[in-house]
Amino acid sequence: MKDTHDFARKISVIVPVYNVEKFLAKCLDSLAAQTLPKEEMEVLLINDGTPDGSGAICERYAAQYNWIRYFSKENEGLSATRNYGLARAEGKYIIFLDSDDTFTPETLKSVVDVFDAHYDEVDLVTYRIQSYQSGKKVGSHYRYRFLTQSGVYDVNDFPFIVQTTINICVKNRRENNILFDTNPDFHHEDQKYCTEQLLTKGKIGFSAKGEYCYNRSNSESIMATCFYSYYLFESTTAWFESMFNQFESAVPRYIQALFLHDLNWKTRQSILMPTHYAPEQLQAAKDRLRALLQRVDDDIILAHPVIDAYYAQYFLRWKFGKEDVKFLAGPQELGILKNDLLLYTAKRVECFVTKFRLKDGTLRLVGFLKSPVFNYTEKPQLFLKINGRLTDELPLRESSWSYYKSKEKTNLFWAFHWDVPVENVMTLALTARLEGHYLETSLGFLTHSPFQPRYKRRNIFWDELEIICEGNVFSFCKATGKAQAAQQSKERRYYLANSIRALLLRERLKREAKRKGGRRIWLYYDCENVLRDNGYFQFIHDFEKRDGVERYYVVNDELDRRALLDKNARKRVLQFGSKKHQSLFVQAEKVITAFIEPANYNPFAAPQIPHVSDFFRYELVYLQHGVLHAHLPWKYSLDRLNLDKEVISTTFERRNLLENYGFTEDELLPTGMPRYDHIDRDAPPKRKILFAPSWRKYLIGRNDDGEWLPKHGSFKKSAFFQLSQALFAAPALAALLEEYDYTLEVQLHPILGFYKEHYSFPSERITFAQPGTPESDYAIFITDISSFVFDFAYLRRPILYFMPDMDLFRAGLNDYCALDLPLEDGLGPLTQTPEEAIAELRGLLERGCIAKEPFNQRAEGLFLELNNCREKIYQELIQA
């Protein structure tokens with residue numbers, strides 16, 4: 001080991017500080033708890049111009065501990081702040097800690113010990129990083145399948161170590177220190193820094209003790225605000241290109257694996273492709289990535305520890321297309337061969353059932369076939385095998401699950417949707433036919449099927465039938481008391497060994513379900529913190545019926561709805577998740593909800609669902625909370641949803657759901673949403689304009705309990721806020737409103753309610769809208785991607801789109817990047833700047849609030865015949 005006696009300390013800890021007053025004390029306490037003697041360590045607290053109270057916390061700790069050195073400077077960003085610390089570090093080694101994260105007590109000592117033992121062999125020592133969300137562990141990186149014992153690892157022998165995070169310790173080379181990239185457009189500075197440290201020796205040290213505790217609960221962190229393709233693509237791709245271009249022939253396997261790692265996780269997070277680019281630019285971007293992928297060895301792709309067969313084939317197809325690939329098929333085998341390399345082999349086609357429901361002697365099967373070979377073959381066929389004989393061929397269409405673990409199409413899967421009468425059926429199976437060969441299927445079941453993977457249930461009792469699932473075959477027989485007793489005994493043994501709590505829940509619900517008798521129970525839902533929506537409107541209509549149905553309105557918040565309901569209806573308000581709700585849910589005949597996400601209507605937490613789902617008998621009716629026009633096939637397609645009926649209001653929805661979302665006419669209720677009964681098309685508008693934009697996913701956080709968390713810093717910096725505020729503050733807008741004697745009311749989406757405090761309205765003619773103001777009050781509607789636009793199209797009021805963050809939307813920052821009814825082909829003119837919006841608004845006011853063509857024509861015929869929507873829905877449901 002080299003003589004390094006001139007270093008004042010053994011190790012320096014660099015801690016940049018910015019906007020972390022909620023987390024900083026915990027971070028610094030973890031440093032005070034280190035087992036390394038304090039005389040051997042120093043902490044460099046560097047205040048990067050933080051606007052919050054973090055500076056005062058730094059000063060307090062620096063005064064308390066003589067091993068803390070405190071610095072304060074103007075804001076320059078994380079990389080520049082770390083470089084500031086590198087220039088001032090006096091330790092032999094340098095380690096990094098972000099100020100919202102912590103170390104376990106033995107971290108510094110264990111890392112120093114490994115570095116001292118292998119000083120000449122490595123330039124970097126890593127140790128375990130563990131993510132935490134709200135104090136709970138979240139997964140573990142796959143590199144720790146290879147990094148198992150303290151020591152030195154050759155990164156080309158272990159390429160999947162892929163050290164991309166800052167849980168590292170490096171040598172202090174003083175004026176020769178490698179520095180972090182300070183380019184503000186580059187957001188992989190940790191990955192680049194680690195890679196540059198590793199390239200010289202190609203080896204990495206690892207300490208099996210110690211832990212970097214990464215806090216994922218900070219909604220203002222760089223990971224939470226900048227990790228989208230919009231910010232990442234150009235700089236990251238250019239960096240990988242520069243890395244690969246250093247090598248004329250073979251690229252080191254570690255660098256290959258690093259690129260593949262980047263490609264994989266960004267594809268899964270749907271942040272890889274710059275979807276905001278024009279088509280020719282987007283194709284050029286794909287070609288750049290393909291050129292890099294062509295220099296990645298096939299076996300690196302096939303051997304990757306977290307890339308399954310479907311993603312491996314996706315990347316391989318991207319790499320070399322379909323040429324040179326041979327599809328293999330036989331009676332009990334299928335596979336993919338490229339040259340002499342077997343890329344994939346299997347004996348069965350996977351078949352996943354997303355809906356399994358028996359009603360009136362008919363079994364409804366909804367699901368999809370999946371196999372990597374489908375990417376290379378013609379469309380397969382799927383047959384029912386009833387009582388051992390092939391019968392009907394089930395029609396197939398492309399499945400939304402082709403968006404496999406991504407919002408990009410990564411594979412080609414085939415959906416089926418079939419009703420099977422089970423009278424005289426003893427056994428039923430699904431058999432695939434591919435390239436002339438029959439292949440058995442292997443069955444899998446998703447969340448809402450009673451055959452849950454979590455609890456390996458092989459038989460259920462449905463009405464008077466016992467249904468048994470063995471392998472890929474369903475058997476049907478008349479339920480007997482003996483069989484039910486045997487099943488109960490088996491269940492009891494299972495739960496006694498695994499979960500007493502689940503057993504007690506299951507037995508309680510079983511008793512209550514048996515007591516149902518002839519009760520007919522319907523449950524109605526809106527969304528948390530929505531005062532009244534379609535669920536409420538349908539409930540108050542149906543509650544007046546005297547038809548023997550017990551109806552309950554389920555609430556999931558603390559909003560007071562007593563004034564909205566009469567005294568009898570108030571008695572039927574049910575608290576979400578309560579024991580009574582659970583009991584009624586398993587007895588329910590119908591679940592009627594304005595929001596389709598299971599967490600909105602199912603009172604059982606995800607871990608409980610497998611244990612009780614075989615009790616569910618309800619028909620689920622999706623009222624919707626707005627006309628679906630966001631392009632979300634991976635979320636709202638039929639083979640993704642646990643629904644039986646969906647209410648539609650427009651001809652656009654009917655066409656879109658049938659053509660693009662896998663629905664049939666049987667699932668559609670063309671009645672119109674209940675709230676359309678409360679929109680008065682005949683009411684004359686007042687001299688008022690409504691500005692009501694949609695929410696922005698990228699400007700809001702969420703905790704583990706599903707509660708929305710504000711990101712005030714990100715919001716105030718956003719184009720969405722700054723340009724909308726510029727619109728409100730524009731003298732030209734104030735003058736226009738004054739000239740025509742109009743007022744403008746602003747209604748933020750409820751999720752963005754946190755941010756009202758940031759807006760200011762210089763003109764008295766601009767205010768926030770009062771809750772409950774009817775839509776018919778407004779003469780003009782200004783919005784963006786909100787489905788609220790259809791309510792005003794129904795009123796035949798002129799619409800103006802104002803989209804100040806169009807590029808961010810197209811880049812997918814709001815969970816999707818396109819509309820099925822594009823803004824460019826929408827119901828009003830599209831504007832993106834305050835000046836454009838004011839000019840279009842002037843035109844509307846000059847025309848007496850009359851929309852120009854082609855917008856009137858587009859609204860013509862858009863809606864179905866909407867009158868007495870609630871009664872139509874009721875009649876459909878009561879007769880079903």
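Coordinates for the structure precede this section.
As the structure is a prediction and not an experimental result, all values here were calculated from the model.

Caption draft 1: Spatial organisation of helix α8 (residues 253-268). The terminal C-alpha atoms of α8, which comprises 16 residues, lie 22 Å apart, in line with the 22 Å expected from a rise of 1.5 Å per residue. Most of α8 is tucked away: 13 of the 16 residues are buried. Following α8 by one or two positions, S270 has its phi on the positive side, about 60°.

Caption draft 2: Representation of the packing of aromatic side chains in the model. Enumeration according to the criterion identifies 71 aromatic pairs in this entry. Look at F585 and F616: their rings are 5.2 Å apart centre to centre, the planes differ by 85°, and that puts the pair in the edge-to-face class. You can see F585 sitting in helix α16 (residues 579-587) and its partner F616 sitting in the loop between α18 (609-612) and β29 (619-622), a full 31 residues away along the chain. Overall, F585 belongs to the buried group, its relative accessible area being 0%. Taking 5.3 Å as the distance between ring centres and 75° as the angle between the ring planes, the aromatic pair formed by F781 and F788 counts as edge-to-face. Judged on exposure class, the residue F781 and its partner F788 are both buried. The ring centre of W67 lies 6.0 Å from the NZ or CZ of K38, which sits over that ring. Across the ring face of Y84, the terminal group of R88 is positioned such that the distance to the ring centre comes to 3.5 Å.

Caption draft 3: Inspection of empty space enclosed by the protein at higher detail. For the structure shown, the criterion picks out 6 cavities of 30 Å³ or more. Approximately 70 Å³ is the volume found for the second largest cavity. Contributions of two or more residues to the lining of the second largest cavity are made by α7 (229-244) and α8. Among the elements that take part in the lining of the second largest cavity, α7 stands out by supplying 6 residues, more than any other. For the lining of the second largest cavity, a count of residues per class yields 7 nonpolar, 3 polar and 2 charged.

Caption draft 4: View of the sheet that holds strand β31 (residues 668-669). Taken in spatial order, the 7 strands make up an open sheet running β27-β26-β25-β28-β29-β30-β31, and their pairing is parallel. A strand with exactly one partner marks an edge of an open sheet, and here the two such strands are β27 (573-575) and β31. By the bridge criterion, 4 bridges tie strand β25 (residues 520-525) to strand β28 (residues 590-593) in an arrangement that is parallel. Counterpart to L523 in the pairing with β28 is V591. Packing against the sheet, helix α28 (residues 869-879) makes contact with β25, β26 (549-555), β28, β29, β30 (645-647) and β31, and its axis sits at approximately 145° to β25.

Caption draft 5: Representation of the pairing of β26 within the structure. Most of β26 sits inside the fold, with 7 of its 7 residues counted as buried. By the alternation rule, side chains of β26 split into V549, R551, Y553 and V555 and E550, Y552 and V554, which are all buried. Taken together, β25, helix α14 (residues 534-542) and β26 constitute a β-α-β crossover, and its handedness is right-handed. Bridge count between β26 and β27: 3 bridges; the pairing is parallel.

Conventions we followed
Residues numbered from 1 in each chain as written. Predicted model: local features only at pLDDT ≥ 70, side-chain atom pairs only at ≥ 80, totals over all residues. Heavy atoms only, no water. Helix = DSSP H or I, 4+ residues; strand = E, 2+ residues; numbered from the N terminus. Expected span 1.5 Å × (residues − 1). Buried < 20%, exposed > 50% of the residue type's maximum accessible area, 1.4 Å probe, protein only. Phe/Tyr/Trp six-rings, centres within 6.5 Å; stacked < 30°, edge-to-face > 60°. Lys NZ or Arg CZ within 6 Å of the ring centre and 35° of its normal. 1 Å grid on protein atoms, 1.4 Å probe; cavity = no way out; pocket = protein on both sides within 12 Å on 5 of 7 lines; lining within 4 Å. Points joined across faces, edges and corners; volume = space filled by probe spheres on them. Nonpolar A, V, L, I, M, F, W, Y, C, P; charged D, E, K, R; others polar. Pairing = 2+ DSSP bridges. Contact = heavy atoms within 4.5 Å. Axes fitted to C-alpha atoms, helices over the stretch in contact; angles between N-to-C directions. Right-handed = clockwise from strand over helix to strand, strands pointing away.

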